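Coordinate inspection notes
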Amino acid sequence: GGFNAYLKKLKDIVNKDYEGFIFDSKDRPIQPLPLHRSYRRNKTRLDPMLYALLENFPDPTPEDNVRSSVLDRLKAFNDSNQSFAQLFTNTDVIDADKGTLYTIDGLHGNKVPLKIYQPTKTTQKGELPVLIYIHGGGMAVFSLRTYEQYCRYLSSFGMIVVGVDFRGSIDAPFPGGLYDCYAAYRWIRNNCNTLGFNPNLIFIGGDSGGCNLTLATSLLSKQELYPSPAGQFYITPYFYPDNNHASRNTYNHHLINTDVLDLCAQNYGNFNNPLAWPGAVASKEQLEDMPPVLAFISEIDPLYDDGVEVCWKLKRCGVKVESHIIPGALHIAPLLTNYVPHISEMVGRCLVSWMNSFKVNNERMKSLL
């Protein structure tokens, strides 16, 4: 049914106040169908626009130099793959501003740059949901600059987006990046009155490794007895440090590959620390009472199993989870606004509707008091 079917589903969701679209105990995770390794000759599974992207975009494989350290190889990979930013560039964004830069104090005596993007069609900030966006890159590489256009794109749907320029692990070992994200979340929440934000509508989310940091930030808030975000937002999440899941092999070299994932995991380390890899090693007790989740998982993605397994793990811990599997989509497909605008728009519309549903629920609770 394509995009029209997605829009119909969104209307159904909104009409039901998100009560009819949550996994229940009878549901089972959808398993990915195997994709022929010669995907370049097999267009039946991939979205046609993504097939064209794979034909023209080089596979981001790190330099194979065994004499170089993991850190040096990751830094070289980061420097040589700034072309990734071109994938996220959208020149048609006209309904969001270019952002206001803030620099806040980090937890290590460092400074953390934030950029707040707002839609241009409204001045009533207190009624808008706020998304603290944590960019991808395996917790190691890239920066907010790479993702700035996507933050503006999300904001244009009617939300305030706070981009966090946290330190990747190539610059600050764990827990440096996590502490930057946590500092950003606390600063936004503590300054809601000054900024004109509603503290009950502060969400946190991201893509790929940003999802791992999102869950870790929520877990750290719980450990520190600090109020949790209203909800979490995941795009094609990265949660496991190993390559033991079937999708890592089935969909290897589809925009990302296990060589890159291995380097990111080795550099990040701390494999048994629940704040480093919460989806993989956190206990049921630790994951209980995590904020609700809205997740988008791409079908043709080495990280497909990461998203499915952690969503089900959270569901078994009593967390309210809504998970969408995007057929024929590659890793980070929702960010590729110029290539698959129908997917990007579906995610943006669904996200803002989901966040606004919390506002409706808060108003209902007030009416009952």
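Note that the structure is predicted; figures quoted are calculated from it, not measured. (Residues numbered from 1 in each chain as written. Predicted model: local features only at pLDDT ≥ 70, side-chain atom pairs only at ≥ 80, totals over all residues. Heavy atoms only, no water.)

1. Description of the overall build of the protein
Test applied: Only runs of H or I of at least four residues qualify as helices and only runs of E of at least two qualify as strands under DSSP, and these elements are numbered from the N terminus. Between buried and exposed lies partly exposed: a residue is buried under 20% and exposed over 50% of the maximum accessible area for its type, with that area taken using a 1.4 Å probe on protein chains only. Here a residue-residue contact requires only that any non-hydrogen atoms of the pair lie within 4.5 Å. Here the open area of atoms and residues is found with the Shrake-Rupley method and a 1.4 Å probe, where only the protein chains shown may cover a residue.
Across its full length, the protein carries 14 helices and 8 strands. Burial statistics for the protein: of 369 residues in total, 55% are counted as buried. Considering only intrachain contacts with a sequence separation of at least 6, the fraction spanning at least 24 residues in the protein is 78%. Total accessible area on the protein is roughly 15,900 Å²; 49% of this is exposed by carbon and sulfur atoms.

2. Structural notes on the confidence of the model for the protein
Threshold: Residue-level confidence of the predictor is summarised by pLDDT, bounded by 0 at the bottom and 100 at the top.
Per-residue pLDDT for the protein has a mean of 85; in total, 78% of the residues score no lower than 70. Counting contacts from residues 16–43, a segment whose pLDDT is below 50, to residues more than four positions away or on other chains yields 53 contacts.

3. Digging into the pairing of strand 5 (residues 202–207)
Put simply, the rule is: DSSP-based pairing: two strands are paired if at least 2 bridges between them are found.
When you tally the buried positions in strand 5, you get 6 out of 6 residues, the bulk of the element. Residues Ile202, Ile204 and Gly206 point to one face of strand 5 and Phe203, Gly205 and Asp207 to the other, with burial holding for every one of them. By the bridge criterion, 5 bridges tie strand 3 (residues 130–134) to strand 5 in an arrangement that is parallel. Residue pairing in the sheet places Val130 in a bridge with Ile202 of strand 5.

4. With respect to the nonpolar core
One recurring pattern in soluble globular proteins: nonpolar side chains tend to sit buried together. Inclusion rule: Residues belong to one nonpolar core when they are buried, are Ala, Val, Leu, Ile, Met, Phe, Trp, Tyr or Cys, and are joined through side-chain atoms within 4.5 Å.
Core analysis: the largest hydrophobic core is formed by 114 residues, its most contacted members being Leu131, Tyr133, Ile188, Phe197, Leu314 and Leu351. Per element, the largest residue contribution to this core is 9 residues, and it comes from helix 14 (residues 341–368). If near-sequence neighbours (up to four positions away) are discounted, Ile188 is found in contact with Leu114, Ile116, Ile132, Val162, Leu195, Phe197 and Ile202.

5. Comments concerning helix 8 (residues 209–223)
How we decide: In a helix, the anticipated span is given by 1.5 Å times the number of residues less one.
Here helix 8 is 15 residues long and its end C-alpha atoms lie 21 Å apart, about the 21 Å a rise of 1.5 Å per residue gives. The positive-phi residue at the C-terminal boundary of helix 8 is Leu225, with phi of around 60°.

6. Focus on the sheet that holds strand 5
Rules: Axis lines are fitted through C-alpha atoms, for helices just across the contact stretch, and the angle between N-to-C directions can take any value from 0 to 180 degrees.
Strand order in the open sheet made by the 8 strands is 1-2-4-3-5-6-7-8, with mixed pairing throughout. In the strand order of this sheet, the two ends are held by strand 1 (100–105) and strand 8 (321–330), each with one partner. Within the sheet, the average angular offset between the axes of one strand and its neighbour, ignoring direction, is 20°. By the bridge criterion, 4 bridges tie strand 2 (residues 111–117) to strand 4 (residues 160–164) in an arrangement that is antiparallel. Bridging from a neighbouring strand, Tyr117 pairs with Val161 of strand 4. Its contacts with the sheet place helix 13 (residues 304–316) against strand 6 (232–235), strand 7 (293–300) and strand 8, and it is angled at close to 150° to strand 7.

7. Quick word on the environment of Trp277
In this structure, Trp277 sits in the loop between helix 10 (258–268) and helix 11 (278–281). The exposure class of Trp277 is buried, given its relative accessible area of 0%. In this structure the C-alpha to C-alpha distance between Trp277 and Leu213, which are 64 residues apart in sequence, comes to 8.5 Å. Setting aside residues up to four positions removed in sequence, Trp277 forms contacts with Met139, Asn212, Tyr238, Phe239, Tyr240, Pro241, Ala265, Tyr268, Gly269, Asn270, Phe271 and Ala282.

8. Structural notes on unusual backbone geometry
With an omega of 10°, the peptide bond between Phe174 and Pro175 qualifies as cis. Following the sequence through the fold, Pro175 ends up in the loop between strand 4 and helix 6 (176–190). Although it is not a glycine, Met139 adopts a positive phi angle of roughly 60°. Locating Met139 in the fold gives a position in the loop between strand 3 and helix 5 (144–155). Its identity as a non-glycine residue notwithstanding, Asp289 has a phi of 70°, on the positive side.

9. A short note on the packing of aromatic side chains
Note the following rule: Stacked, tilted and edge-to-face are the three classes assigned to paired rings of Phe, Tyr and Trp, where Trp is represented by its six-membered ring and a pair needs centres within 6.5 Å; plane angles under 30 degrees give stacked, over 60 edge-to-face, the rest tilted.
By the definition in use, this model includes 14 aromatic pairs. Taken together, a centroid distance of 5.9 Å and an interplanar angle of 65° make the contact between Tyr133 and Tyr150 edge-to-face. Remark: Tyr150 occurs in helix 5 and Tyr133 occurs in strand 3; sequence separation between them is 17 residues. Taken as a pair, Tyr133 and Tyr150 share a single burial class, namely buried. On the numbers, 5.8 Å between centres and 90° between planes, the contact of Tyr185 with Tyr226 is edge-to-face. With a gap of 41 residues between them, Tyr185 in helix 6 and Tyr226 in the loop between helix 8 and strand 6 connect regions that are remote in the sequence. Judged by relative accessible area, which is 0%, Tyr185 ranks as buried.

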